Amino acid sequence: MLMNFATRDDSRLKQLLQQFCQQEVLPNSFYDSARAWFLPLADSIAQRQKLNARPLLIGLNGSQGSGKSTLAALLSRVLSKAYDLRTAVVSIDDFYRTRAERQHLGGQVHPLLATRGVPGTHDVSLMQRTLTALLMGDGEVRLPRFDKSQDDRMEVSHWHRFTAPADVVILEGWCVGITPQAESALVAPINRLEAKEDVDGRWRRYVNTILAQEYGPVFDRLDVLYMLRAPSFNCVYQWRLEQERRLAQRLDVNIGDRHLMTAADIQRFIQHFERLTEHALATVTSQSDLVFQLDEMRDITELTGPLSKRMR
């Protein structure tokens, strides 16, 4: 039964948030921000699901390191524990093509496609089937997992299991909800990577075409789109470097071991994402139902969007 969110100081919600922050080793500033912004967001989702009386598919967009995964995990915890809603979280990162598939794609289409990240390097068919199973299925659904430290998809035996149908499905990812660029925007390279390794624009045009043909139908399924908006692309390098360091600490290995990236690796890596991240900052903002504007420390400075008035 849904809780009536009469006050943001509800003891059960505060307890869940405190436990989450402790388990994820998050700073006090996150607790304060989540209490002010994300608990009301969870309530908004719960009320929307109750009103619609069907499973909801929520898109969560944000640049690398913006906190998408943390927010998705928190929403899942609160929705399931406080509102008794079966909530599944899937990351677009977990649908990356296998390393072998990307190497083949790099050989057949363009060498830059061997690097995971941009549209064209995901198994969109698997993504569509998984979302359909979660939203419309009845029984166990296997959720893919990608191991970034190995740069490869995990074996099926290591995939998460979820009993469908879900009440809420959260699809989070850096390119969720992004629309293709105009052809005129693809002419000039925007960074050193494109200038040196995509001289004729073949890679960026392929990515743009696949974004329209394969990813568009996935994003059209979204019931609602939220965005964690970085102040600029300049923040992405530092945020992504922090991600890699945390991954190394969790695995108790050194940066550069396995397939973890050094600072120089990350500087090159994020250039693959720069074009569409800049495009998202310019366009997804107006397409989103809610936009959480972040500062360089990832603190929320403003909430905008068509649904923002309901959150206040």
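Remember, predicted model here, so these are calculated numbers, not experimental data.

Parameters at a glance
Residues numbered from 1 in each chain as written. Predicted model: local features only at pLDDT ≥ 70, side-chain atom pairs only at ≥ 80, totals over all residues. Heavy atoms only, no water. Axes fitted to C-alpha atoms, helices over the stretch in contact; angles between N-to-C directions. Helix = DSSP H or I, 4+ residues; strand = E, 2+ residues; numbered from the N terminus. Parallel < 35°, antiparallel > 145°, perpendicular 65-115°, else oblique. Left-handed = near helix turned anticlockwise from the far one by under 90°. Contact = heavy atoms within 4.5 Å. Nonpolar A, V, L, I, M, F, W, Y, C, P; charged D, E, K, R; others polar. Expected span 1.5 Å × (residues − 1). Buried < 20%, exposed > 50% of the residue type's maximum accessible area, 1.4 Å probe, protein only. Arc of directions from axis to C-beta. Polar contact = N/O pair within 3.5 Å; in protein donor to acceptor, adjacent residues only side chain to side chain. Salt bridge = Lys/Arg side-chain N within 4 Å of Asp/Glu carboxyl O.

Caption draft 1: How the structure looks around the packing of helix H2 (residues 28-52) against helix H3 (residues 68-82). In the contact formed by H2 and H3, the axes pass within 10 Å of each other and the chain directions differ by 60 degrees. Put simply, H2 runs oblique to H3. Where H2 crosses over H3, the two elements pack in a sense that is right-handed. Residues Phe30, Ala34, Phe38, Leu39, Leu41, Ala42, Ile45 and Ala46 of H2 lie in contact with H3, whose contacting residues are Thr70, Leu71, Leu74, Leu75, Val78 and Leu79. Here the contact of H2 with H3 is composed, by residue class, of 13 nonpolar, one polar and no charged.

Caption draft 2: Spatial organisation of helix H5 (residues 124-136). The end-to-end C-alpha separation of H5 is 18 Å, in line with the 18 Å expected for 13 residues at 1.5 Å each. For H5, the full list of buried residues reads Val124, Leu126, Met127, Thr130, Leu131, Leu134 and Leu135. The buried residues of H5 occupy an angular sector of 155 degrees when the element is viewed end-on, so they sit on one face. Two or three places before Ser125, at the opening of H5, Asp123 has a side-chain oxygen 3.4 Å from that residue's backbone nitrogen.

Caption draft 3: Region of the structure containing the side chain of Gln49. Secondary-structure assignment places Gln49 in helix H2. At 3.3 Å, the side chain of Gln49 and the backbone oxygen of Arg54 are in polar contact. In this structure, Gln49 is in contact with Arg54, Pro55, Leu56, Leu85, Asp167 and Val168, ignoring residues within four places of it in sequence.

Caption draft 4: Highlighting the pattern of salt bridges. With the rule as written, the count across this model stands at 16 salt bridges. Between Asp167 and Arg86 there is a salt bridge, with the nearest N and O atoms lying 3.5 Å from each other. Placement of the pair is Asp167 in the loop between strand E6 (160-164) and strand E7 (168-173) and Arg86 in the loop between H3 and strand E2 (87-91), with a sequence separation of 81 residues. For Asp167, a relative accessible area of 16% gives the class buried. Here Asp200 makes a salt bridge to Arg202, at a shortest N to O gap of 3.7 Å. Given a relative accessible area of 41%, Arg202 falls into the partly exposed group. Each of Arg99, Arg102, Arg116 and Asp151 takes part in a single network of salt bridges with overlapping partners.

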